[in-house]
Amino acid sequence: MNILVINCGSSSLKYQLLNMNDESVLASGLVERIGIEGAQLKHEIPGHDKEVIKTPMKDHKEALGHVLDAITHEKYGAIKELKEINAIGHRVVHAGEKYAASVIIDEKVIKALEECIELAPLHNPPNLMGIEAMQELLPGVPNVGVFDTAFHQTMPASSYIYALPYELYEKYGVRRYGFHGTSHRYVSQRAADMLGKDIKDLKLVTCHLGNGASLAAVQGGKVMATSMGFTPLEGLVMGTRCGDIDPAIVTFIMNKEGLTPQEADNLLNKQSGVLGISGVSSDFRDIENAAAEGNERAQLALDAFDQRVTQYIAAYAAVMGGVDAVIFTAGLGENSIDNRQAICKPLAFMGIEVDPAKNNIRGKDTVVSTDSSKVKVLVVPTNEELMIARDTLELVK
Ligand code: AMP
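Note that the structure is a prediction, hence the values are computed from the model and not measured.

Attention now goes to the site of the ligand. Taken together, G210, N211, D283, F284, R285, E288, A330, G331, L332, N335, S336 and R362 make up all the residues around the ligand. Interatomic distance of 3.3 Å between a side-chain N/O atom of D283 and an oxygen atom of the ligand. Within the contact set of the ligand, an oxygen atom lies 2.9 Å away from a backbone nitrogen or oxygen of G331. In isolation the ligand has 500 Å² of accessible area, and contact with the protein removes 73% of it. Judged by the fraction of its atoms near the pocket grid, the ligand is located in the second largest pocket. For the shell around the ligand, the elements supplying multiple residues, two or more each, are α10 (284-292) and α12 (330-335). The element that contributes the greatest number of residues to the shell around the ligand is α12, accounting for four residues.

Dropping the structure here:
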């Protein structure tokens, strides 16, 4: 059974074709600059050089047509015919309160996702374009929606309600939704496998630390709390997003600087985070280099980031009444040896002890805590595509 996984952004899309008999990747790639001059498709078959196809692509349907051509190309394709694609899994950002698990897409699901556009105006429209394009390009092949918000739907109301007038939740759905759900679900399942335990018996804190970053408290396989909120702006300090701030700061700055709501939104989402504090970059590698050269604001950005993660881990252990394992994933979580060490160091009082030698790894499934550490610490590279393909297989088989 071959499954095509698609992740559509506003002007780009990523894809992976997986053979689910052994979960191997047959082909993967990225289309950039859809609808813009200079569109290109980078296509890769494992073990071969990347193929770069430069051609105008006016919309997602045209881009996906080129993806299907590449996948079946006689020289650099992975399969001979399109009928070897048995199902398509789509990453969809927002399903609001409508879906707590992945679903086979039909007209009712599309309507529900259209109703969520208001909650994710930048993400759901391109996700929907990808679904509609695949329905036209491969008629009769089932499409499955896998939602970033779904895993977090198990949160109790006390975790998702904001202390605002309750009518705002009822009228507009203003509540915490949480994001990165597919990643939190994948790494929590993988961690349970690595620990040889049933996920139902575990209390986990999953730390997805990339350019966007979020934590989740996962108890018995269910999310009890997560740090991103109504939008992905809340919670941790991120690459360019501010995370938790006093909401009164927003109106204060708008008044002082004469900002429109759009400009304020841009400042909080694009000019803040470690970029805003350091003034150096949103990329942690640049900031680490600047800090090593003595740049104090770069060091301050790293310290502020680490402290926020530390605080959340301790808070989530309290929410669950304990914690068995802390899991690090995504670009920074998988690769930054120093940040993992700095985040965990103050948590020694809770029985969290990172082994410096074991922690000296990047991007590999590993237990990095000491043998005597009461709480296990793990690095688990995330694999959202595989999770999407597994859900798709489960629903269509
Ligand atoms: P992601 O959003 O998951 O792709 O993560 C991207 C971020 O991971 C980048 O912005 C970097 O800040 C961070 N990152 C990736 N590799 C490293 C590394 N070797 N050391 C520190 N940070 C890294």
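Structure shown, so let's carry the discussion forward.
Before going further, it helps to examine the layout of surface pockets. Each pocket or cavity is described by its volume, and for the second largest pocket that value is around 340 Å³. Contributing to the lining of the second largest pocket are 14 residues, with D283, F284, R285, G331 and L332 lying nearest its centre. The set of elements that each furnish at least two residues to the lining of the second largest pocket consists of α10, α12 and α13 (337-344). Each residue belonging to the lining of the second largest pocket can be placed in one class, and the counts come to three nonpolar, six polar and five charged.

It is worth spelling out helix α3 (residues 124-137) at this point. In this model α3 runs 20 Å from its N-terminal to its C-terminal C-alpha over 14 residues, within 8% of the 20 Å that 1.5 Å per residue would give. Taken residue by residue, α3 has N124, P126, N127, L128, G130, I131, A133 and M134 as its buried positions.

Note on aromatic pairs: each is described by the distance of the centres and the angle between the planes. In total, this model carries six aromatic pairs according to the counting rule given. Between Y160 and Y169, the ring centres sit 5.9 Å apart and the planes meet at 50°, which makes this aromatic pair tilted. Comparing Y160 with Y169, the two get one shared label, buried. Note on F284 and F305: the rings are 4.7 Å apart at their centroids and 65° apart in plane angle, and the pair reads as edge-to-face. Here F284, found in helix α10, pairs with F305, found in helix α11 (residues 296-320); they are 21 residues apart in sequence, far enough to count as distant. Clustering of aromatic rings is evident, with ring pairs tying together Y160, Y166 and Y169. We note R175 situated over the ring of Y160; from NZ or CZ to the ring centre the distance is 3.6 Å.

Mapping T370 onto the fold places it in the loop between β13 (366-367) and β14 (376-379). Within the structure, T370 has its side chain in polar contact with the backbone nitrogen of S373 (distance 3.1 Å). In this structure T370 touches E353, V354, D355, K358 and K376, once residues within four positions along its chain are discounted.

Generally speaking, soluble globular proteins have nonpolar side chains that are buried together. The biggest cluster of nonpolar side chains holds 44 residues, and the ones touching the most others in it are L209, L215, F305, I313 and I352. Secondary structure elements with two or more residues in this core: β9 (203-209), β10 (213-219), α10, α11, β12 (325-329), α13 and β14. With 10 residues, α11 is the single largest residue contributor to this core. Sequence-distant contacts of L209, defined by excluding residues within four places in its chain, comprise L215, L236, F305, V309, F328, T329, A330, G331, L332, G333 and I343. If you look at the next biggest cluster of nonpolar residues, it comprises 30 residues, including V187, A191, A192 and V380.

What counts, and where the lines are drawn
Throughout this description, residue numbers start from 1 for each chain and increase along the sequence as written. Local features are withheld for residues below a pLDDT of 70 in this predicted model, meaning they are given only at 70 or higher, and side-chain atom pairs are given and counted only at 80 or more; totals for whole chains, interfaces and linings count all residues. Only hydrogens and water are removed before side-chain values are computed, so all heavy atoms of the structure are retained for them. Being near a molecule or strand, for a residue, means having at least one of its heavy atoms within 4 Å of it. Polar contacts, as counted here, are pairs of nitrogen or oxygen atoms within 3.5 Å of one another; within protein the pair requires one atom able to donate a hydrogen and one able to accept it, and residues that are adjacent in sequence qualify only if both atoms are side-chain atoms. For the accessible areas, the method is Shrake-Rupley and the probe is 1.4 Å, while residue cover comes only from the protein chains on display. We place a 1 Å grid over just the protein atoms. Points where a 1.4 Å probe fits but has no way out form a cavity, open points with protein on both sides within 12 Å along at least 5 of 7 lines form a pocket, and any residue with an atom within 4 Å of a point lines it. Grid points define the cavity or pocket, and a molecule sits in it when more than half of its atoms lie within 2 Å of them. Think of it this way: any DSSP run of H or I at least four residues long counts as a helix, any run of E at least two long counts as a strand, and we number them from the N terminus. Grid points are joined across faces, edges and corners, and a volume is the space filled by probe spheres set on the points. Each residue gets one of three labels, nonpolar for Ala, Val, Leu, Ile, Met, Phe, Trp, Tyr, Cys and Pro, charged for Asp, Glu, Lys and Arg, and polar for the others, Gly among them. To estimate the expected span of a helix, count its residues, drop one, and scale the result by 1.5 Å. Remark: exposure states derive from per-residue accessible area (1.4 Å probe, protein chains only) relative to the maximum for the residue type, with buried under 20%, exposed over 50%, and partly exposed in between. Each Phe, Tyr or Trp ring (for Trp, its six-membered ring) is paired with any other whose centre lies within 6.5 Å, and the angle between the two planes then decides the class: stacked below 30 degrees, edge-to-face above 60, tilted in between. Geometrically, a charge over a ring is one whose NZ (Lys) or CZ (Arg) sits within 6 Å of the ring centre while staying within 35 degrees of the ring normal. Whether two residues are in contact is decided by their heavy atoms: any pair within 4.5 Å suffices. For our purposes a nonpolar core is just a set of buried Ala, Val, Leu, Ile, Met, Phe, Trp, Tyr and Cys residues, chained together by side-chain atoms within 4.5 Å.

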